Amino acid sequence: MKLNSPMEVWKYLPGTNCKECGEKTCLAFASLLLERKKKLEECPPLFEPKYAEKGKKLAELLAPEVREVEIGIGERARKIGGEDVMHRHERTFFNRTALAFDVWDTMKEEELRERVRRITDWKKFYVGEFLKVDAIAVRSVSGDANTFARCVKRVAEETDFPLVLCSFDARVIEEGLKEVSDRNPLIYAADKENWKEFLGIAKRYKVPVALFSPDLDMLNSLAVTFSSAGIEDIVLDPGTYPEGQGLEQTFSRFIKIRRAGIVEGNKGIAYPLIAVPMTAWMVHGTENALEASYWEAIIADLFIIKYADIMILHSIEPHSLIPERTLVANIYTDPRRPVSVEPGLREIGNPTEKSPLFVTTNFALTYYTVESDIASNKIDSYLMVVDSEGIGVESAVAGGQLNAESFKDALESFNVADKVKHKTMVIPGLAARLSGETEDVTGWTVLVGPRDSGRIPGWMEKNWPPETVS
Amino acid sequence: MEKKITLAEIAKILEKYEIVELEDVKIKGDIELELAEGGGVALPPSIAQALQSIISAAHISSSTTEAIATTAQALQSILSPGAGAGVQKAQIPATPAEELELIRTKFEVAKTEWNGQIEEVTIGATRSDGGTREATVTIGGEKALPFYNFDYQMPHPPVISVDCFDMPISLAKAVREHYEDVMEDPGEWAKKNVREFGADMVTIHLISTDPGIKDTPAREAAKTVEEVLQAVKVPLVIGGSGNPDKDPEVLEAAAEAAEGERCLIASANLNMDYERIAKAAQEHGHVILSWTQLDINAQKTLNRYLFKLGVPREDIVIDPTTAALGYGLDYAFTNIERMRISALKGDTDLAFPISCGITNAWGAREAWMKDSPIKEDSDWGPAVYRGPLYEIMTGLTLGIAGGDMFMMMHPKAAGAVKRVTQMLFGAKEAEDEGKKVKIEEWVTWK
Ligand code: B12
Ligand code: SF4
């Protein structure tokens, strides 16, 4: 994207403040365009003849440096690529790395369905939402087109996840594709041998296509050839070597490609990148599954940070899945996003005046963690969310946003005494040192809870109700 | 009679008559259009489209890049019905893709050169330097981002310092099982770190000195330091308890006890008498760790204070604070990455090697808790597998951001981070089987 401020965008808008876009002013719309929260199409006047020229120019200027490619359809469709910066603090990374997990066409039917279900259903709560994974990669191990097609069909029946169809044999790919041609799968992969056939398929079926070559001249040539042929939904695989100097060079290839695209504006190579950490399994083998899953996660770590827009993984064990998906969430959060929730008194379940009153901060990570810990253990209670200026418990105690006064303010402004008659509050273990002063300032009894809110259920068994309540 | 006409001439004619479309053009036989060097024509798009029928039937051997571009443009119009308005009108049957030729291009990208360079810092002193260490460790010296060897070869690979404590402490089960036999004896603990876990360095944390824990006197803590120095021959990091009131006194005594060994004294920070610590480190020949909490400006401020106290640049390592994966790693990552980039851009206040307390990763509940406290979560699997990976990924992530030195605990995690950073650094020892893997065969891997 070539524009940096709302004013720069505004210059290309009609400037009439007609509100058709739903915003009060063109400038407001401009800043949302910049944030990618609105689309150009939402300003109809821009498509009238007198503004069309400006509109066209604006579309060009707003286009992300790295092309954005969509895989799959409907609610689960995933956009990949579309990045504008080399480092997240320069603005933000937009489309998080899509994690695709493999299945293969020699799996027994029941085993296959079970694995697809596990991948599709996997979830993990984190900062107010359930993390999920993104796609399923179907590998042709048999090399047989019909076997592959059958497998693809079964997978498609079982999941609405976007699919990646994997084989270097164009015939195999096409048979598989016939089963899911309406699901916009990514086909993997064209290389220097088979590219003509793949080009034909991508064209006929209008699906995104991955290009494979560790030789970057060849990869660039393939990309230019495909795009010259009108195929722009391209994903590049520069090859993932799982170890040693091969890994070092893989790391450098990913960075070089992204640098050429973003810093040097080389459109011929500015496409989303695919990494295949599962090559780790080819070194360590299934007989060393733990080792293999660790190295797969290590490689995933490298390329989640350095520019893979989609990656293919084999281990679906929680010990690797959880940290991998969490890292994606961390690297791809918007560093400019406010990370706080509204302060206030929340009801969890159906609390009565005798239910416990828990106290926490309004830092989103803290709040959602605590809230879900209490809610999912079905503890009817009140949760008082103190305004700590969006800082977590420990930092806020250290930084002074959380203190006896802020507890007092919260009790008063949320009229807590009207709801909670026992005048007892449970504060986080990490705020223990505030307990004495808080009792003095508020006149409430303060109980110090566990250090981790995950331990509230166990703590309750021993400490609730206290004498002050009954 | 035969008359020759060049492609450029055709283009001119077409342009002259504003022809944007050719109908009923038939070209028979094999036509070869040759675009001579320098004869490449940049066709206006409309003409290119008009020419498409000719070009599509032709076999073009070209020697100039413009010609490639022109051909490419024309091919694009042919092959993507609907790509441009003029194309639909042309009504040309799609050329079978099989007749295409690869458009050969070279991939090029410039090196990034920075003005700044990270300070090179050596920890540990051998006999010839007045110490008793068998080897020293040098970190820093970078002129590029970590492992960007194509910009500038990283001068030193990151190093790993394995933690030990001056008293038994509570540890996650997965970590504890490796240390149960040595927890009572810091010397044995340190030995185990080196002998069994391959530590480049050992960190001795004098946490029992905290008045809230055992309030061990500084003099006694200094004895522990001597013990550890005796036990191992690798360079040492000496850490206090983190208590801002007690640490100056403790670290002063420890620095004295380790006279001449060029240990890393951890640490000076803004909310304590850092001056005392810095002076002690200087007097007894040590390096100082300048620690701030996730705040670039605080880091610059503290470093400047240290300069004012006369601490030489080659005696400073910084610790911008490590947060665990899932618990603030995004802050830590960006904080370190920004510091490193600023340093490379020439901000000398920040141009120091970075130490990361990766053991913090165990603060993430996912690293140690048995099951998820959240009922709706998918199964978390065994914590003993999860924990080390949390430590590994926290470490590696901060290594990519700019970390030069990692304080770690789980042996498997320490080993893995060491190995992968060696590979990325390009160490010869990292050469191995991986190269022989035919990576594209992952598709058919069983
Ligand atoms: C991220 C972070 C920051 C971020 C904070 C971002 C934010 N919006 O909160 C930033 C960079 C801003 C920051 C700044 C500072 N930080 Co800070 N920071 C951290 C870090 C790395 C992680 C903290 C975190 O987010 N934890 C995760 C959240 C979810 O935890 P939590 O809020 O505590 O919630 C848990 C528990 O408290 C409990 N819980 C919560 N509510 C409730 C309620 C009940 C009833 C119960 C029972 C339990 C419970 O369960 C929750 C889930 O486990 C820690 C180091 C570490 N621990 O890894 C340092 C740390 C907390 N920071 C620290 C310090 C000193 C600071 C600063 C003062 C540094 C400085 N000198 O400027 C500033 C203060 C800023 C301010 N307050 O204005 C110190 C605190 C030391 C101490 N114990 O006194 C720490 C421990 C680092 C260290 N080792 O020195 N920090
Ligand atoms: S619709 Fe367009 S012209 Fe109207 S206010 Fe919005 S941005 Fe301005």
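The model shown is predicted, which means the values in this text are computed figures rather than measured ones.

Rules used in this analysis
Residues numbered from 1 in each chain as written. Chains lettered and ligands numbered in written order. Predicted model: local features only at pLDDT ≥ 70, side-chain atom pairs only at ≥ 80, totals over all residues. Heavy atoms only, no water. Near = heavy atom within 4 Å. Polar contact = N/O pair within 3.5 Å; in protein donor to acceptor, adjacent residues only side chain to side chain. Helix = DSSP H or I, 4+ residues; strand = E, 2+ residues; numbered from the N terminus. Nonpolar A, V, L, I, M, F, W, Y, C, P; charged D, E, K, R; others polar. Domains from an automatic or database assignment. Contact = heavy atoms within 4.5 Å. Buried area = accessible area lost by both parts, 1.4 Å probe. Salt bridge = Lys/Arg side-chain N within 4 Å of Asp/Glu carboxyl O. Buried < 20%, exposed > 50% of the residue type's maximum accessible area, 1.4 Å probe, protein only. Patch = residues over 30% accessible without salt bridge, like charges linked within 9 Å, V, L, I, M, F, W, Y side chains within 5 Å. Areas by Shrake-Rupley, 256 points an atom, 1.4 Å probe, with all protein chains shown as cover. Axes fitted to C-alpha atoms, helices over the stretch in contact; angles between N-to-C directions. Parallel < 35°, antiparallel > 145°, perpendicular 65-115°, else oblique. Left-handed = near helix turned anticlockwise from the far one by under 90°. Pairing = 2+ DSSP bridges. Right-handed = clockwise from strand over helix to strand, strands pointing away.

A. Focus on the site of ligand 1. Ligand 1 sits among 34 residues. The nearest are T366(A), G390(A), G392(A), S395(A) and Q401(A). The environment of ligand 1 is shared, with nearby residues belonging to chains A and B. Interatomic distance of 2.7 Å between a backbone N/O atom of G390(A) and a nitrogen atom of ligand 1. Between ligand 1 and V393(A), the relevant distance is 2.8 Å, taken from an oxygen atom to a main-chain nitrogen or oxygen of the residue. Ranked by residue count, the leading element in the shell around ligand 1 is helix α14 (residues 393-399) of chain A, at 6 residues. Looking at side-chain class alone, the shell around ligand 1 contains 19 nonpolar, 11 polar and 4 charged residues.

B. Expanded view of the domain arrangement of chain A. Residues and elements named next belong to chain A. You can read the domains of chain A as domain 1 (6-62), domain 2 (68-331) and domain 3 (344-463). Here the C-alpha centre of domain 3 lies 44 Å away from the C-alpha centre of domain 2. Listed by partner, the interface residues are 4 residues for domain 2 and 4 residues for domain 3. Together domain 2 and domain 3 conceal approximately 330 Å² of surface at their shared face, both sides included; 85% is due to carbon and sulfur atoms. Of all residues in domain 2, F125, V127 and G128 give up the largest surface area on contact with domain 3, accounting jointly for 89% of the area buried on that side. Between domain 2 and domain 3 we count 0 salt bridges in total. Between domain 2 and domain 3 we count 0 residue pairs in polar contact (both at pLDDT 80 or more) in total. Of the residues contributing to the side of domain 2 that touches domain 3, the split by class is 3 nonpolar, 1 polar and no charged.

C. Here's a closer look at the interface of chain A and chain B. Counting residues at the interface gives 97 residues for chain A and 88 residues for chain B. With both sides pooled, the region where chain A packs onto chain B buries about 8200 Å², and carbon together with sulfur makes up 66% of that total. When the buried area of chain A at its contact with chain B is split by residue, R259(A), M282(A) and Y294(A) rank highest and sum to 9% of it. Linking chain A to chain B there are 7 salt bridges. Two residues, R259(A) and D151(B), come together in a salt bridge whose shortest N-O distance is 2.6 Å. The tally of links between chain A and chain B comes to 36 residue pairs in polar contact (both at pLDDT 80 or more). Of all the secondary structure elements, the ones that give two or more residues to the side of chain A that touches chain B are β4 (124-126), α7 (195-205), α8 (216-228), α9 (244-262), α10 (280-284), α11 (289-305), α12 (318-331) and α13 (364-376) of chain A. Along the lines of polarity and charge, the residues of the side of chain A that touches chain B split into 47 nonpolar, 30 polar and 20 charged.

D. Inspection of the side chain of T442(A) at higher detail. All names here are of chain A. Secondary-structure assignment places T442 in helix α17 (residues 435-442). On the basis of relative accessible area, T442 is assigned to the buried category, the value being 14%. Reaching out from T442, the side chain makes a polar contact with the backbone oxygen of T438 at a distance of 2.6 Å. Within the structure, the side chain of T442 is placed 3.1 Å from the backbone nitrogen of W444, a separation counted as a polar contact. Excluding residues that lie within four positions of it along the chain, T442 makes contacts with A404, K408, L411 and M425.

E. Geometry of a nonpolar patch on the surface. Taken together, the side chains of M7(A), W10(A) and L27(A) define a hydrophobic patch exposed on the protein surface, amounting to about 270 Å² of accessible area. Its location among the elements puts W10(A) in helix α1 (residues 6-10).

F. Representation of the pattern of salt bridges in the model. Residues and elements named next belong to chain A. Taken as a whole and assessed by the stated rule, the structure comprises 50 salt bridges over all chains. Residue E65 pairs with K2 through a salt bridge whose shortest N-O separation is 2.9 Å. Taken together, the residues span a long stretch of sequence, with E65 in the loop between α3 (49-62) and β1 (68-71) and K2 in the segment before α1 at a distance of 63 residues. One salt-bridge network, in which partners are shared between bridges, spans E109, R113, E114, R117, K153, R154, E157 and E158.

G. Representation of the environment of A398(A) in the model. Position of A398(A) among the secondary structure elements: in helix α14. Residues A398(A) and A135(A) lie 263 residues apart in sequence; the distance between their C-alpha atoms is 42 Å.

H. Local environment of the environment of T361(A). All names here are of chain A. You can see T361 is positioned in strand β14 (residues 357-361). A C-alpha to C-alpha distance of 8.4 Å links T361 and E389, two positions 28 residues apart in sequence. Setting aside residues up to four positions removed in sequence, T361 forms contacts with T366, Y367, V385, V386, S388, I391, G392, V393 and L402. One polar contact links the side chain of T361 to the main-chain amide nitrogen of F363, over a distance of 3.3 Å. A polar contact of 3.2 Å, which involves the side chain of T361, links it to the backbone oxygen of I391.

I. Quick look at helix α7 (residues 186-195) of chain B. Listing the buried residues of α7(B) in full gives P186(B), G187(B), W189(B), A190(B), K192(B) and N193(B). Against the buried residues of α7(B) lie β5 (159-165), β6 (201-205) and α8 (218-231) of chain B.

J. Focus on the packing of α9(A) against helix α15 (residues 411-425) of chain B. Here α9(A) crosses α15(B) at 65°, and the two axes come no closer than 7 Å. On the basis of the axis angle, α9(A) is roughly perpendicular to α15(B). The hand of the α9(A)/α15(B) crossing is right-handed. Between α9(A), through G244(A), L247(A), E248(A) and F251(A), and α15(B), the contact on the second element is made entirely by V420(B), M423(B), L424(B) and F425(B). Its residues placed into classes, the contact of α9(A) with α15(B) shows 6 nonpolar, 1 polar and 1 charged.

K. Here's a closer look at the sheet that holds strand β6 (residues 135-139) of chain A. Residues and elements named next belong to chain A. With respect to topology, 8 strands assemble into an open sheet ordered β10-β9-β8-β7-β6-β3-β12-β11, the strand pairing being parallel. Edge positions in the open sheet fall to β10 (234-237) and β11 (274-275), since each of these has one partner strand only. The sheet contact formed by β11 and strand β12 (residues 310-313) spans 2 bridges and is parallel. The residue bridging A275 from the neighbouring strand is M311, located in β12. Docked against the sheet, helix α6 (residues 170-180) engages β7 (163-166) and β8 (186-190), running at close to 160° with respect to β7. With respect to the sheet, α7 is in contact with β8 and β9 (209-212), its orientation differing from that of β8 by roughly 160°.

L. Inspection of the pairing of strand β8 (residues 264-268) of chain B at higher detail. Residue and element names in this part refer to chain B. In terms of residue burial, β8 counts as a mostly covered element, since 5 of its 5 residues are buried. Judged from the 3 bridges that link them, strand β7 (residues 236-239) and β8 form a sheet pairing that is parallel. Bridge pairing links I238 to I265 in β8. The pairing of β8 with strand β9 (residues 287-291) spans 4 bridges and is classified as parallel. If you follow A268 over to β9, its bridge partner there is S290. What joins β8 to β9 is helix α10 (residues 274-283), and the crossover it makes is right-handed.

M. Quick look at the packing of α11(A) against α12(A). Residues and elements named next belong to chain A. The contact between α11 and α12 brings their axes to 10 Å, and the two run at 5°. Considered as vectors, α11 and α12 are oriented roughly parallel to each other. Contacts from L290, S293, Y294, E296, A297, A300, D301, I304 and I305 in α11 reach H319, S320, E324, L327, V328 and I331 in α12. Among the residues making up the contact of α11 with α12, the classes are represented as 9 nonpolar, 3 polar and 3 charged.

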